[in-house]
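Structural overview for review
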There are 4 protein chains.
Amino acid sequence: MAAIKTIGILTSGGDAPGMNAAIRAVTRSAIFSGFKVKGIYRGYKGLIDDEIVDFHTQNVSNIIQQGGTILKTARSKEFPTPEGHQQAYDNMKKEGIDALVVIGGDGSLTGARQFASEYDVPIIGLPGTIDNDLYGTDHTIGYDTALNTIMWCVDRIRDTATSHERLFFIEVMGRNAGFLALNGAIASGAEAAIIPEISTEVDQLAELIQNGFRKTKNSSIVLVAESPITGGAMGLAERVRKEYPQYDVRVTILGHLQRGGSPTAQDRILASRMGSAAIDALLEGQRNVMIGDANDEIVYVPFSKAIKNDKPIDRDLLNILRRLSI
Amino acid sequence: MAAIKTIGILTSGGDAPGMNAAIRAVTRSAIFSGFKVKGIYRGYKGLIDDEIVDFHTQNVSNIIQQGGTILKTARSKEFPTPEGHQQAYDNMKKEGIDALVVIGGDGSLTGARQFASEYDVPIIGLPGTIDNDLYGTDHTIGYDTALNTIMWCVDRIRDTATSHERLFFIEVMGRNAGFLALNGAIASGAEAAIIPEISTEVDQLAELIQNGFRKTKNSSIVLVAESPITGGAMGLAERVRKEYPQYDVRVTILGHLQRGGSPTAQDRILASRMGSAAIDALLEGQRNVMIGDANDEIVYVPFSKAIKNDKPIDRDLLNILRRLSI
Amino acid sequence: MAAIKTIGILTSGGDAPGMNAAIRAVTRSAIFSGFKVKGIYRGYKGLIDDEIVDFHTQNVSNIIQQGGTILKTARSKEFPTPEGHQQAYDNMKKEGIDALVVIGGDGSLTGARQFASEYDVPIIGLPGTIDNDLYGTDHTIGYDTALNTIMWCVDRIRDTATSHERLFFIEVMGRNAGFLALNGAIASGAEAAIIPEISTEVDQLAELIQNGFRKTKNSSIVLVAESPITGGAMGLAERVRKEYPQYDVRVTILGHLQRGGSPTAQDRILASRMGSAAIDALLEGQRNVMIGDANDEIVYVPFSKAIKNDKPIDRDLLNILRRLSI
Amino acid sequence: MAAIKTIGILTSGGDAPGMNAAIRAVTRSAIFSGFKVKGIYRGYKGLIDDEIVDFHTQNVSNIIQQGGTILKTARSKEFPTPEGHQQAYDNMKKEGIDALVVIGGDGSLTGARQFASEYDVPIIGLPGTIDNDLYGTDHTIGYDTALNTIMWCVDRIRDTATSHERLFFIEVMGRNAGFLALNGAIASGAEAAIIPEISTEVDQLAELIQNGFRKTKNSSIVLVAESPITGGAMGLAERVRKEYPQYDVRVTILGHLQRGGSPTAQDRILASRMGSAAIDALLEGQRNVMIGDANDEIVYVPFSKAIKNDKPIDRDLLNILRRLSI
C-alpha cells in the first residue's frame, strides 16, 4: 500500500452534535502527524460533485462548541451506484485523497463499507449519530447531547405537569432502539419508557399511570421512542384515550431539535479522542474499521460488525425506572 | 372599608415561568408591610376546597429560580357559579383573608372580576401568562422565558437545518396572538412568522421559501402561532405539501415545554416589581386592578380594560423580519 | 451631501452578546435598501490598517446566535490622533465607504464623535455594551444576556450556599454603574447589591447578613459591582473579615465570561430593531446619533448626550431588594 | 446480623450536583424493597444533633433536577471524636436506623469508615463529589455536571477571547487532581491544562502560548487546577507576567459555581443506578463499601481502597490536548 499523504473528511447522515469537534480533531491530528487534509462538503454527494476544499488548522478554529457540521451532510441516491462510486473515486484521485474518514451513523458506514469493497481506499469510520445504536461502541458522538436535550425539554414539561393532572406522552428519536427513551426517562424522572425492544400493553401502561395519579394528584410523563413498533406518541395516545377516556392526554413530539445544539463535554471529549484515534489507526495501517469506545478504551470495530449487529438494551435500567417511579 | 390584615395568594390558569418569583415577592412584601399571608393551592379550586395554609418568609425561600408554581393551578368549573363564589367567600372569611392577589392570565382575571363584582373583597391581579396578550401591560410574567425557550429550540433545529434543504414549520403557543411567533421568528432568524393577525396566502409563503432555498441551498424555518386562523403548523404543512410537493416539509410542535423552565432575569425582576407593587396597591386602597408594566413604569389597569381589549401586534417587527431574511 | 452608496460597519470596545445580531441587521437592512456594505475588522484599528472586506447577505448567515463579534474588536491608540483619523478617512475613501455604523460602548461612541467632528462622514452609533450605562437608551445590546449570565452563575452558587453558612461576595462588571449588580441581585434573590451609586457602610452590610444567618442558618449572597468606589468583592471581603472574623467569607469574580455567550431573545430582537433603524436613520439623513430604545420606541440620541450624561439607577429597585430579602 | 428495617441517608462534604437524584434513588429503592427511610440533615452533624426525619416517596418528588442537596451538608468537628461517634450511634438507635447510606467525597467516606470500625452498623457509601478522584469508580456523582459548567464558562470567555490578544488563566476545582482541568481543557478547546500530576515550566507554557498568538492573533486559554502544586491561576499569572510582561494576562477563578447547577443526564442516571445499587448491596449483606462504576458495571469498593489510593490521570488526554491546540 502506498503511503497516505492526504486525508479526506466527510460527515454523512443525520446531524449529531459533536461532529464539528470530530472534524476538528481529525484535521488537527492529521496535520500534526504530517498529513494534508481535504474537507468534503455534503457527505458522499460532495465526493461525487467534487465539493472538496483544502483544510488547514484555521478551518477548524472555534467550531468545537458548534452544533451541526461545517461540512454539512446530504442524501445521495447516486453514491451507492457503480457510476457513483466511480465518480467518487475519480474525484478522490483528482484531489490526491489517499484515505477517507467518514463520520456518521450506520447508513454512512454501510456506504463506506460498500465503497471500500470495490476500491482500494482505506476508510476509517467515526460513529456520529444521536441514536447510540452502533454495535462495538458504548457511546456514539451526539448521544449524550441528545439525551441532555431531551432531559431539558422534559424538565420544562414537568414544571407545568406538577400543576395539573395530565398524562404526557413525549416522543423522542430512536427508530430502532430505545436508548434515548429509556435513559431519557431515568434522567428526567418520568414514569415509564415505551421502547421497541419491550412490548407494553396499554393495560400495563394505564396501571402505571393510575398509580401515579392516585399517589400525587400530579401528572405523569411517559417517554416514547418513535418507532412503528411502539406506534409513536400519537398512536399510543389514541389507544389510551380510547380505553381510558378519563385521562387528559397530551402529546409532544420533540423532533429535530434533538439533533442540534452545542455538544456536551462528553461528546466533545469523545469526538476529540475518536478523531485523534482515526489518525492513529491510519498510521497503524488500519482500514475499514469504525473507531469505538469500549470500557473507555479506543477499539477498532470492523464495519461489518458495527453495522450488522443489534446493541442490546440494558434491562437493569428498566427495573431501576420502575423502582424509582413509585 | 375595614383594614386589611391578611392577604391570600393564588395562581390560576396555564403555568408561566416567574409565577414563583411573584409569589415570593407578594409574600415578603406583605410580611414586610405588616400583613399576614395565606397561600391558596390549586387556584380558585383551592379557595372552594379550602386548601389554604399560612405562608411565612421561609415558605418562599429558594423558589425564585423555579419554573411552575408552588401553589399549583387547576381548572374549576365550580368557581364561576353562585355556589362556588359563596363557598369561596365563606372559606376566605373562615381563614381571615381580607384581600386576594391573583396571578394568572385573562381567564383568571375574568374570574377575579366576576367574584369582585359580587363580594366586597379587594383583589389585585398580576399578569402571569406566557402569551403577553393582556392589554395595559407591555410584558406579562412568563413571556420573556417562553420567548427564550422557543429561541433555544429553534437554534437547535437551525443547526440541523443548515445541512439539508428542508422547510420546517414550528408551532408555538399563542392561540389568539402572534407575539411569541413574531418575536420568536426575529430572535431566531427564521424566514417568516405566520400569525392570526395577518392573513398569509400559501403563495406568499411559497415565494418566501423559494427565495430562501435559491439563495443558500439551506433550509428555511417558519414559526406558526397555534390558532384556528393560521391552521397551525400541521394545517399549513398540508397546504404547502399539496401545492408544492417538491418541498421536504417537517413539522415540530413545541407544546407545553413553552410553559416551563427556570424564569429569565426579565421575568424574575418583573415578577418581583409587580409582586411588590401589588402590596403597595392594596396599601393605597386600590382594588380590582391588574398591575401593569407600561414604559417601565408600574400602572394600575382596571380588570375590565385588561381583559376586554386586544393588544395590537407591532407591525414594524413584520417589516424587520422580512428585511432580515433576505 | 452626496448620496450614500456604501456603508461600513465596525464593532469596538468590550464584546457584547448581540453584536453579531446587530451586524446582521445592519448588513441585511442596508442591502435590502440598495446599499453596498463593507465589514471593517478589529474596530477602528481595522479602519487604519485597511482590514476591510465586502459584505453580502451570506456573510451574516447563521451568526445571530453567536456571542462575540465576527468583526472582532481591538484597541487602537492611533485612531484618536490626527494621523489616525486621516489614515482612517483615506481608507474609507479608498474603499468607497460613505457612512459608518459603529457598534460599541461610550468609548467607541466618543471615538466616533471625535472623528465626525473633523471629517464629513455620517456616523450612526449602536449601543453595544453589557454595562447598560449609555444615556438615552433604556437598554444596550448585551445587557440582558450579561444579566442572565450573572443570574445563571449565582443560581449555581446558591445551590451550594443553602447547604452551608457562608457569606458569598460575587463581583460583577459595571465599573461606573450598578445596573448589573442591582438587577442581578433582584433576579437571583441575593441579599444585597453593593453599587458605586450608593455608599454602604460595612456595619450596614454586616447587619443585613446577620439577619440572613439568624433567620435561616443558610448562606448569604451579595453582588458587588467592580469599582474603585465599592472596593470590589476582594476589598469588601477584607473589610468584613477584619471586623467580623466569625463569618466564613468567599469571593467569586465572574470576570470576562459576562461578556460572552449566545445572546438572549431580548438582545437579538433589540439588535435587530436597532440595526434596522440605523439604516432608516441614514436614509432620513440623520448623522452622529446613537440609536436608542426609549419606552420601546426607537429614538435618535445625539452622541454628545449619550456619552456625557449619567444614567440614574432606579432607587425603587433598592427598596424592592431590601423587602424581598427578609 | 439483625435484619435491616430502617435506612438512614445523609449527604456530607462539598456539594455535588446529582446528590438529590441519589437521595431520591436510595429512598425509593429502599421503600420499594420494604425498608423504612430516615433523612438525616446536615451530614454527620445532623446525626449528632438528631436532625432526623421520616422520609417517604413524596419527600423526594421533583428533586431529581435540583442541584445542591435537600439534606444539606455541614462540617462537624465533633463527629470524628469518640463522644461524637457515641452520640451519633445513640441517635441512630433512638430513631431505629439499622444501616446508613452516606453520599459524599473521600472525607465523608473516611468518616464512615472510622465510625464503622467502632460500631456494628452497615454503611454503604456513594461517591458524591465533583472531583472524580475516588479510586475504584470511573465516575463520581457531580463530575460530569461540573465539567459541563466549566465548559460553559470557558465557551463564554472564548467568545470574547477571539476578539483580543489575551492570555486567560482560568482556575477550576481539583485540589489534588487534574481531572476537571484536563478534561475541561479538551472539551473547551483550550490551549493547555496545568495540573498537579505534571510539572509545567513557565517556559514550556510561554512557548505554547507564543505559538498560539503567532498563529492566529487571537487569545489563548489555559485551565489551571487549584492546587498548591500548580500555584493556582493567580500564582501562574504572576510568574508569566514577570517573565513575559508583553502578555495581557487575565485571571478568572470559577469558584463555587462549579459545585451547583441542575445535574446533567449522566449524573442523574449515575446517581439513580448507584442509589438503587446501594439498596441491593444492603440486601446482599454488603457493608462498608463504596458503590463504584467501573466499565459501566456496578462494583463494590471497600472504603479503604476508595480512600487510600490515587486515581491516575489519563496521559493520552495530554497528548490529545497538545495535538488539537496546534
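Residues numbered from 1 in each chain as written. Chains lettered and ligands numbered in written order. Predicted model: local features only at pLDDT ≥ 70, side-chain atom pairs only at ≥ 80, totals over all residues. Heavy atoms only, no water.

Looking at the relation of the copies chain A and chain D
- Laying chain A over chain D is done by rotating through 180° and shifting 0.0 Å along the axis; what remains is an RMSD of 0.0 Å. What the superposition gives is, in effect, a two-fold axis relating one chain to the other. Identified as the residue of chain A closest to the rotation axis by C-alpha distance is A:N295, at 2.3 Å. (Least-squares fit on C-alpha atoms with pLDDT ≥ 70 in both.)

Some points on a negative patch on the surface
- Taken together, the side chains of A:D296, A:E297, A:D314, A:D316, D:D296, D:E297, D:D314 and D:D316 define an acidic patch exposed on the protein surface.
- A relative accessible area of 53% means that A:E297 is categorised as exposed. (Patch = residues over 30% accessible without salt bridge, like charges linked within 9 Å, V, L, I, M, F, W, Y side chains within 5 Å. Areas by Shrake-Rupley, 256 points an atom, 1.4 Å probe, with all protein chains shown as cover. Salt bridge = Lys/Arg side-chain N within 4 Å of Asp/Glu carboxyl O. Lys, Arg positive; Asp, Glu negative; His and termini not counted. Charge placed at Lys NZ, Arg CZ, Asp CG, Glu CD. Buried < 20%, exposed > 50% of the residue type's maximum accessible area, 1.4 Å probe, protein only.)

Observations regarding the domain arrangement of chain A
Residue and element names in this part refer to chain A.
- The domains assigned to chain A are domain 1 (6-142 + 263-308) and domain 2 (144-258).
- Here the C-alpha centroids of domain 1 and domain 2 sit 34 Å apart.
- At the junction of the two partners, domain 1 supplies 10 residues and domain 2 supplies 10 residues.
- Here domain 1 packs against domain 2, burying approximately 770 Å² in sum over the two surfaces, 59% of which is carbon and sulfur.
- When the buried area of domain 1 at its contact with domain 2 is split by residue, I130, D131 and T264 rank highest and sum to 52% of it. (Domains from an automatic or database assignment. Contact = heavy atoms within 4.5 Å. Buried area = accessible area lost by both parts, 1.4 Å probe.)

Quick word on the environment of D:A278
Residue and element names in this part refer to chain D.
- Of note, A278 is situated in helix α9 (residues 265-283).
- The exposure class of A278 is buried, given its relative accessible area of 0%.
- Between the C-alpha atoms of A278 and V101, which are 177 residues apart in sequence, the distance is 7.3 Å.
- With residues up to four places along the chain from it excluded, the contact list for A278 reads V101, I124, L126 and I291. (Helix = DSSP H or I, 4+ residues; strand = E, 2+ residues; numbered from the N terminus.)

Observations regarding the sheet that holds strand β11 (residues 297-302) of chain A
Residue and element names in this part refer to chain A.
- Spatial strand order, β3-β2-β1-β4-β5-β10-β11: seven strands in an open sheet with mixed pairing. Only two strands of the sheet have a single neighbouring strand rather than two, namely β3 (52-55) and β11. Adjacent strand axes in the sheet meet at a mean angle of 30° when their direction is disregarded.
- In the sheet, strand β1 (residues 6-11) pairs with strand β4 (residues 99-104) via five bridges, with the strands oriented parallel. Residue pairing across strands places G8 opposite L100, the latter belonging to β4. (Pairing = 2+ DSSP bridges. Axes fitted to C-alpha atoms, helices over the stretch in contact; angles between N-to-C directions.)

Looking at the interface of chain A and chain D
- Listed by partner, the interface residues are 45 residues for chain A and 45 residues for chain D.
- Carbon and sulfur atoms supply 54% of the area buried between chain A and chain D, which totals about 4100 Å² over both sides.
- Three residues stand out in chain A for area buried against chain D, namely A:R323, A:L324 and A:I326, and they jointly supply 18% of the buried area on that side.
- For D:D280, the salt bridge is made with A:R323, and the minimal N-O distance between the two is 2.8 Å.
- Taken together, the links from chain A to chain D amount to 21 residue pairs in polar contact (both at pLDDT 80 or more). (Polar contact = N/O pair within 3.5 Å; in protein donor to acceptor, adjacent residues only side chain to side chain.)

Some points on the relation of the copies chain C and chain D
- After a rotation of 180° and a shift along the axis of 0.0 Å, chain C superposes on chain D with an RMSD of 0.0 Å.
- By residue overlap, the copies meet face to face through one surface: 97% of the interface positions of chain C are interface positions in chain D.

Some thoughts on the sheet that holds strand β2 (residues 36-40) of chain B
Residues and elements named next belong to chain B.
- On the basis of which strands lie adjacent, the open sheet formed by seven strands has the order β3-β2-β1-β4-β5-β10-β11 and mixed pairing. One side of each edge strand has no neighbouring strand; the edge strands of this open sheet are β3 (52-55) and β11 (297-302). If you compare each strand with its neighbour and ignore which way they point, the axes differ by 30° on average.
- Taken together, the four bridges between strand β1 (residues 6-11) and β2 define a ladder with parallel strand orientation. Considered in β2, the bridge of T6 is made with K36.
- Running at roughly 155° to strand β4 (residues 99-104), helix α4 (residues 106-118) makes contact with β4, β5 (123-127) and β10 (289-294) of the sheet.
- In the packing of helix α9 (residues 265-283) onto the sheet, contacts are made with β1, β4, β5, β10 and β11, and the angle to β10 comes to roughly 135°.

Comments concerning the UniProt feature "active site" (unreviewed entry) in chain A
Residue and element names in this part refer to chain A.
- UniProt records the feature "active site" (unreviewed entry) at D131, using the numbering of this structure.
- With respect to the element layout, D131 can be found in the loop between β5 (123-127) and α5 (143-161).
- Those residues in contact with D131 that lie beyond four places of it in its chain are T140, M173, G174, F179 and L180. (UniProt positions renumbered as here; feature names shortened; annotations may be inferred.)

With respect to the pairing of strand β10 (residues 289-294) of chain C
Residue and element names in this part refer to chain C.
- Buried residues dominate β10, accounting for five of its six residues.
- One ladder, built from two bridges, connects strand β5 (residues 123-127) with β10; its direction is parallel. Counted as the bridge partner of G125 is M290 from β10.
- Here β10 pairs with strand β11 (residues 297-302) via six bridges, running antiparallel. In the strand pairing of β11, M290 is matched with V301.

Examining unusual backbone geometry
All names here are of chain C.
- For N62, which is not glycine, the phi dihedral falls at a positive 65°.
- Inspection of the secondary structure assignment puts N62 in the loop between β3 (52-55) and α3 (82-95).
- Overall, the relative accessible area of 28% leaves N62 in the partly exposed class.
- Its identity as a non-glycine residue notwithstanding, N132 has a phi of 55°, on the positive side.

Description of the interface of chain C and chain D
- Across the contact, 37 residues belong to chain C and 36 residues belong to chain D.
- The junction of chain C with chain D conceals about 2900 Å² of combined surface from both sides, 49% of it contributed by carbon and sulfur atoms.
- On inspection of chain C and its partner chain D, the count reaches zero salt bridges.
- Viewed at the interface, chain D and chain C are joined by four residue pairs in polar contact (both at pLDDT 80 or more).
- Elements with a minimum of two residues in the side of chain C that touches chain D: α5 (143-161) and β9 (249-253) of chain C.

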